[in-house]
Amino acid sequence: MKVLVTGGAGYIGSHTVLILLEAGHEVVVLDNLCNASREALRRVERLVGRELVFVEGDIRDRALLDQLLVEWPISAVIHFAGLKAVGESVQQPLAYYANNVAGTITLCQAMQAAGVQRLVFSSSATVYGADAPVPYQETMPRGQATSPYGASKAMVEQVLEDLCRSNDLWSVAALRYFNPIGAHPSGEIGEDPQGIPNNLMPFIAQVASGRRNTLSIFGNDYSTADGTCERDYLHVMDLAEGHVAALAHITTPGIACYNLGTGNAFSVLQMVERFSVVNGVEVPYAFAPRRAGDLPAFWADPGKAGAELGWVARRSLDDMMRDTWRWQQRNPYGYRQGYATQTP
Ligand code: NAD
Ligand code: UDP
């Protein structure tokens, strides 16, 4: 199948492109590189020994999308492109709604005009909102968003629901990711945050490597076993495989939402301790005040994805720790410098 992958140069996108190529699909990536490096896709091509088509451009560029969908006989779209920093979304809500909501609408308009109506969308566990009981299940309604980023994901799900209701040629899977971490086991591709990492795992890895001094643990007075927040961390390779499973499933009309998580939760302290033990490195940390908007604990009920997509997260927490550290050690400064095989 020929698949258009928006945002395919990014963290989850690059791992998914690799799995798609390995599964024999042909891939066209559209990415404006606002938060990614072209190098990631060069490495994917080297790892798989197959080529992909890369188009540098924006999902809000309707003319480009029209041209692309005519030029390539695309069968389905996996849509990762978007902005994802929760704190930044509070500062710049218009940028988030323009990219994530308006951008998705432009993409769907172009797809509809071209008769390409199979879509896998990157949603998020954040759509369950602040008050949902755990574990999260897809039968629960979307809740009150805790940030413009979260609202943008919930809005897009609503747009896609309405679109599917209006026209039964559309078939959509909205994948609600929990906390993806880790990297390809080769250490060649991984998460490459710009500047100071917002997320826990890249921060732990950068502290362990000496690039940063101390991890701040945001809050140790939550109502959890050790007082720190608990999350459902899943390996990015498992998440990537979930997209290929969803792709095979979007053949019937309508939208289906799936939780992609392991069903297990670990605390921030457990994550730090496990990273240290598995990799034999120190991760100095200090407790800091709570981060605004953080929920104490949430995790997935992944049963629906298991039953309908045949997907389960197979990799262990130790795999996630080892693969994160291998990527960090081989690429201390991400794709930009410090790695022998990097293309000049
Ligand atoms: P990422 O930033 O690494 O990847 C997003 C990619 O989209 C980047 O390559 C960026 O350059 C590109 N992009 C952004 N705006 C674009 C635009 N207008 N046109 C074309 N390309 C554009 O992020 P990621 O972690 O790989 O996340 C992928 C998707 O999954 C995002 O939609 C994100 O919101 C969602 N998601 C991520 C997480 C997570 O923890 N990483 C959790 C839940 C959902
Ligand atoms: N966290 C932390 N220090 C950091 C980054 C994150 O203590 O430098 C905590 C954060 O408060 C949350 C957990 O780690 O409880 C996971 O945060 P992340 O941003 O990775 O994912 P989120 O669940 O917020 O999307």
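Just so you know, these numbers come straight off a predicted model, no measurement behind them. (Residues numbered from 1 in each chain as written. Chains lettered and ligands numbered in written order. Predicted model: local features only at pLDDT ≥ 70, side-chain atom pairs only at ≥ 80, totals over all residues. Heavy atoms only, no water.)

S.K.: Explanation requested: the overall build of the protein chain in the structure shown.
M.R.: Broken down by element type, the protein chain carries 11 helices and 13 strands. Expected size for 344 residues packed as a compact globule is a radius of gyration near 20 Å; at 19 Å, the protein chain falls within 12% of this value. The buried share among the 344 residues of the protein chain stands at 56%. For the protein chain, the proportion of contacts with a sequence separation of at least 24, taken over those separated by at least 6, is 80%. Charge-centre separation for the protein chain: the mean point of 27 positive side chains lies 3 Å from the mean point of 35 negative side chains. (Helix = DSSP H or I, 4+ residues; strand = E, 2+ residues; numbered from the N terminus. Rg over C-alpha atoms; globule rule 2.2 N^0.38 Å. Buried < 20%, exposed > 50% of the residue type's maximum accessible area, 1.4 Å probe, protein only. Contact = heavy atoms within 4.5 Å. Lys, Arg positive; Asp, Glu negative; His and termini not counted. Charge placed at Lys NZ, Arg CZ, Asp CG, Glu CD.)

S.K.: Got a minute to help me understand the packing of helix α7 (residues 200–208) against helix α11 (residues 317–330) in this structure?
M.R.: The relative placement of two packed helices comes down to the angle between their axes together with the axis-to-axis distance. Where α7 contacts α11, the two axes come as close as 10 Å, and the packing angle between them is 55 degrees. When the interaxial angle is binned, α7 and α11 end up oblique. In terms of crossing hand, the pair formed by α7 and α11 is right-handed. Within the contact between the two elements, α7 uses Met201, Ala205, Gln206 and Ala208 and α11 uses Met321, Thr324, Trp325 and Gln328. The residue makeup of the contact of α7 with α11, split by class, is 5 nonpolar, 3 polar and no charged. (Axes fitted to C-alpha atoms, helices over the stretch in contact; angles between N-to-C directions. Parallel < 35°, antiparallel > 145°, perpendicular 65-115°, else oblique. Left-handed = near helix turned anticlockwise from the far one by under 90°. Nonpolar A, V, L, I, M, F, W, Y, C, P; charged D, E, K, R; others polar.)

S.K.: In this structure, what is going on with the site of ligand 1? I would like to understand it.
M.R.: As a matter of local geometry, ligand 1 sits amid 27 residues, with Asp31, Asn35, Phe80, Asn99 and Tyr149 nearest to it. Separating a nitrogen atom of ligand 1 from a backbone N or O atom of Asn32 is a distance of 3.1 Å. In the model, a nitrogen atom of ligand 1 is placed 3.0 Å from a nitrogen or oxygen of the Asp58 side chain. For ligand 1, whose free accessible area comes to 810 Å², the fraction covered by protein is 95%. Broken down by element, the shell around ligand 1 gets its largest block of residues, 3 residues, from strand β5 (residues 118–124). (Near = heavy atom within 4 Å. Polar contact = N/O pair within 3.5 Å; in protein donor to acceptor, adjacent residues only side chain to side chain. Areas by Shrake-Rupley, 256 points an atom, 1.4 Å probe, with all protein chains shown as cover.)

S.K.: How should I be thinking about the packing of aromatic side chains in this particular structure?
M.R.: One pair of aromatic rings is described through two measures. These are the centre distance and the angle between the planes. A full pass over the atoms with the stated rule returns 7 aromatic pairs. Here Tyr136 and Phe298 contribute two aromatic rings whose centre-to-centre distance is 5.4 Å and whose plane-to-plane angle is 5 degrees, an arrangement assigned as stacked. Remark: Phe298 occurs in the loop between β13 (285–288) and α10 (303–309) and Tyr136 occurs in the loop between β5 and α6 (148–166); sequence separation between them is 162 residues. In this structure, Tyr136 and Phe298 share a single accessibility class: buried. One aromatic cluster is present, formed by Tyr128, Tyr136, Phe178 and Phe298 through successive ring pairs. For the cation-ring pair, Arg176 lies above Tyr128, with the distance from its terminal atom to the ring centre recorded as 4.9 Å. (Phe/Tyr/Trp six-rings, centres within 6.5 Å; stacked < 30°, edge-to-face > 60°. Lys NZ or Arg CZ within 6 Å of the ring centre and 35° of its normal.)

S.K.: Would you mind showing me how to read helix α2 (residues 38–48) here?
M.R.: An α-helical turn contains 3.6 residues, so a residue and the one three or four places further along point in the same direction. Residues of α2 that are buried: Glu39, Ala40, Leu41, Arg43, Val44 and Glu45. Elements in contact with the buried residues of α2: α1 (11–22), β2 (26–31), β3 (53–56) and α11. Positive backbone phi, at 75 degrees, marks Gly49, one or two positions downstream of α2.

S.K.: Would you explain the state of the cysteines in this entry?
M.R.: In a disulfide, the sulfur atoms of two cysteines are covalently bonded to one another. The tally for this structure, following the rule as stated, stands at 0 disulfides. Not engaged in a disulfide, the cysteine Cys164 finds its nearest cysteine sulfur in Cys108; these two sulfurs lie 8.7 Å apart. (Disulfide = S-S within 2.5 Å.)

S.K.: Even after reading the chapter, I still don't get helix α8 (residues 236–249), so can you show me in this structure?
M.R.: For α8, which comprises 14 residues, the first-to-last C-alpha distance of 20 Å matches the rise-based estimate of 20 Å (1.5 Å per residue) to within 8%. In terms of burial, α8 is largely enclosed, as 12 of its 14 residues are buried. Here α8 has its buried residues at Val236, Met237, Asp238, Leu239, Ala240, Glu241, Gly242, His243, Val244, Ala245, Ala246 and Leu247. (Expected span 1.5 Å × (residues − 1).)

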